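Coordinate inspection notes
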Amino acid sequence: MTLILTDISRHGVAMAADTAESIEANTESGRKMRVSFGMKKLQRLPGLSGMVGTWGFGKIGLTPTDLWLEDFVSRHGHVSSLDKLALSAVAR
């Protein structure tokens, strides 16, 4: 489960998230749960008034979603709008 706290005030929107990732797997003796920490679920978009939130065990290609998104934002952080950032993702 992911916990994302959001506060909306006259100053804007603030978000905070945990860093845990839970993975369930079948073993010969039953289902087991593994919890890992260190996921970056909120990515700040430099120069833009926005963030991207992700959660769950996902991958884009062979790369975990949080690492893919962090790399993508670092390579496309110069864009001037959320529209252009989204188009950069589609154009790849």
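In what follows, the structure referred to is the one given above.
Residues numbered from 1 in each chain as written. Predicted model: local features only at pLDDT ≥ 70, side-chain atom pairs only at ≥ 80, totals over all residues. Heavy atoms only, no water.

Digging into the overall build of the chain
- A tally of helices and strands in the chain yields two helices and eight strands.
- In sequence order, the chain lays out its α and β elements as β-β-β-β-β-β-β-β-α-α.
- Computed over the C-alpha atoms, the radius of gyration of the chain is 16 Å, more than 25% above the 12 Å expected from 2.2 N^0.38 for a compact globule of 92 residues.
- Seen along its three principal axes, the alpha-carbon backbone of the chain occupies a region of about 55 × 35 × 15 Å.
- Of all 92 residues assigned to the chain, the portion counted as buried reaches 20%.
- Within the chain, contacts between residues at least 6 apart in sequence are counted, and of these 26% link residues at least 24 apart.
- In the structure as shown, the chain presents an accessible area of about 6,900 Å², 57% of it carried by carbon and sulfur atoms.
- Side-chain charges in the chain split into 11 positive and 9 negative, and the spacing between the mean points of these groups amounts to 3 Å. (Helix = DSSP H or I, 4+ residues; strand = E, 2+ residues; numbered from the N terminus. Rg over C-alpha atoms; globule rule 2.2 N^0.38 Å. Buried < 20%, exposed > 50% of the residue type's maximum accessible area, 1.4 Å probe, protein only. Contact = heavy atoms within 4.5 Å. Areas by Shrake-Rupley, 256 points an atom, 1.4 Å probe, with all protein chains shown as cover. Lys, Arg positive; Asp, Glu negative; His and termini not counted. Charge placed at Lys NZ, Arg CZ, Asp CG, Glu CD.)

Regarding the side chain of Asp66
- Among the secondary structure elements, Asp66 is positioned in helix 1 (residues 65-76).
- Despite its burial, Asp66 pairs with no opposite charge; the closest candidate is Lys40, at 8.8 Å N-O.
- A distance of 3.4 Å separates a polar atom in the side chain of Asp66 from the backbone nitrogen of Lys40. (Salt bridge = Lys/Arg side-chain N within 4 Å of Asp/Glu carboxyl O. Polar contact = N/O pair within 3.5 Å; in protein donor to acceptor, adjacent residues only side chain to side chain.)

Topic: the pairing of strand 3 (residues 20-27)
- Pairing analysis gives eight bridges linking strand 3 to strand 4 (residues 30-37), with the strands arranged antiparallel. Paired with Ala20 across the strands is Phe37, a residue of strand 4.
- In this antiparallel pair of consecutive strands, strand 3 and strand 4, the connection spans two residues. (Pairing = 2+ DSSP bridges.)

Side note on the packing of aromatic side chains
- Within the structure shown, the criterion is met by one aromatic pair.
- Between Trp68 and Phe72, the aromatic rings sit 5.1 Å apart at their centres with planes inclined by 10 degrees, giving stacked as the arrangement. In this pair, Trp68 and Phe72 both sit in helix 1, four residues apart, roughly one turn of the helix.
- Overall, the relative accessible area of 3% leaves Phe72 in the buried class. (Phe/Tyr/Trp six-rings, centres within 6.5 Å; stacked < 30°, edge-to-face > 60°.)

Scope: geometric values only; no functional claims are made or implied.
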